[in-house]
Amino acid sequence: MKKTLLGSLYLSLAASIWGGMYVVVKVVVDTLPPLELVWLRYMIAIIALIIIGTITKQSWRIDKRDWLLIFMIGLIGNTISIVAQEIGTMLSTAQMGAIITATTPAFMVVFARFMLKEKITFKKAVSIILATFGVYMIVGSAHIDSSHQLGGVALLIAALTWSLMSVLIKRVPEQYSPIVVTSYGTLVAIIVLTPLAIPRLIKLDFHAMVEPSIWGGLLYLGVISTACGFLLWNRGLQMLNATSGGLFFFFQPIVGTFLGWLLLGEQIGVSFWIGTVLIFSGVLLVIREE
């Protein structure tokens, strides 16, 4: 039970951090295009991860047989999913992002069933239904403009690839620290994105980047959202099964909507609180089953 509660805490913190990310990205992406933004946040994140790994004296050795799995995690999750997410956020609205992101746990259930042979119990099914309906109560009334369809496609790709990456993490041997796995996944993304990002960096508005909101946002995205968020998510998934772990992703729209109200002046009503209760009910049902 202690392991379950600790894993739940890690996953809740990670999803909450990413909930705040949507507000930050909406501010930063006006100055930094998605590709350059992802590359810069990963450069910041890898520095933070190396420092953390050095201080905690991690072993950076990976067996040859596990390199392909680590590479796929970095390519699918750290690269494709995050770039698609930033593009989708830029082309759509924060609420639309929350709606489509909410499909991630459902995709995780499907991937976990076929790749990990995890059973879908009655309680888990009820939990997902409760939490999904909770998300709908929070953001489901948002008007989705047809002009945002391309952004919606990008966000759907982000949800699919993130779900697949989360299930692949369950196949990583427990001998590897989440710090090491996260660091190598981030390094894969940097290697893949660098040839695409470098020629575009010279076109950036460096004068605008010295604004506190921009460099502060970059630090949040690099250190908190990427380095810390990925560490917490990876560690939490190691302590719970993928089907249950995915349910904590529903904390994103709660935090994102709340911060939108607190920082951007967006309105929330009774439906927000009803949805929040439903999401927490679904999560608690999973914790009790574990």
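Preceding block: the structure.
### Quick notes on the packing of helix α2 (residues 34-55) against helix α3 (residues 67-91)
The description of two helices packed together rests on the angle between their axes and the distance between the axes. Close contact between α2 and α3 brings their axes to 9 Å; oriented N to C, the two are set at 130°. One way to sum up the angle between α2 and α3 is to call them oblique. Crossing of α2 over α3 shows right-handed handedness. Side by side, α2 and α3 meet where P34, L37, V38, R41 and Y42 of the first sit next to N78, T79, I82, V83, E86, I87 and M90 of the second. Here the contact of α2 with α3 is composed, by residue class, of 8 nonpolar, 2 polar and 2 charged.

### Looking at the packing of aromatic side chains
What the rule picks out here adds up to 6 aromatic pairs. Note on W18 and W162: the rings are 5.2 Å apart at their centroids and 85° apart in plane angle, and the pair reads as edge-to-face. Placement of W18 in helix α1 (residues 2-28) and of W162 in helix α7 (residues 149-169) is noted, with a sequence separation of 144 residues between them. Residue W162 is classed as buried on the basis of its relative accessible area of 5%. Residues W67 and Y184 carry aromatic rings whose centres are separated by 5.0 Å and whose planes lie at 70° to one another, so their mutual orientation is edge-to-face. Linking W67 in helix α3 with Y184 in helix α8 (residues 178-201), this pair joins segments that are 117 residues apart in sequence. You can call Y184 buried: its relative accessible area is 16%.

### Quick look at unusual backbone geometry
The phi angle at K57 is positive, at roughly 55°, despite the residue not being glycine. Along the chain, K57 turns up in the loop between α2 and α3. K57 sits in the exposed class, given a relative accessible area of 74%.

### Section: the nonpolar core
With 63 residues, the main nonpolar core has W18, L32, Y42, W162 and W233 as its most contacted residues. Among the elements that make up this core, the one with the highest residue count is α1 (9 residues). In contact with W18, not counting residues within four places along its chain, are W162, S225, G229, F230, W233, F249 and Q252. Counting residues in each nonpolar core, the second largest holds 6 residues, with A45, A48, I179 and A227 among its members.

What counts and what doesn't
- Residues numbered from 1 in each chain as written.
- Predicted model: local features only at pLDDT ≥ 70, side-chain atom pairs only at ≥ 80, totals over all residues.
- Heavy atoms only, no water.
- Axes fitted to C-alpha atoms, helices over the stretch in contact; angles between N-to-C directions.
- Helix = DSSP H or I, 4+ residues; strand = E, 2+ residues; numbered from the N terminus.
- Parallel < 35°, antiparallel > 145°, perpendicular 65-115°, else oblique.
- Left-handed = near helix turned anticlockwise from the far one by under 90°.
- Contact = heavy atoms within 4.5 Å.
- Nonpolar A, V, L, I, M, F, W, Y, C, P; charged D, E, K, R; others polar.
- Phe/Tyr/Trp six-rings, centres within 6.5 Å; stacked < 30°, edge-to-face > 60°.
- Buried < 20%, exposed > 50% of the residue type's maximum accessible area, 1.4 Å probe, protein only.
- Core = buried A, V, L, I, M, F, W, Y, C linked by side-chain atoms within 4.5 Å.

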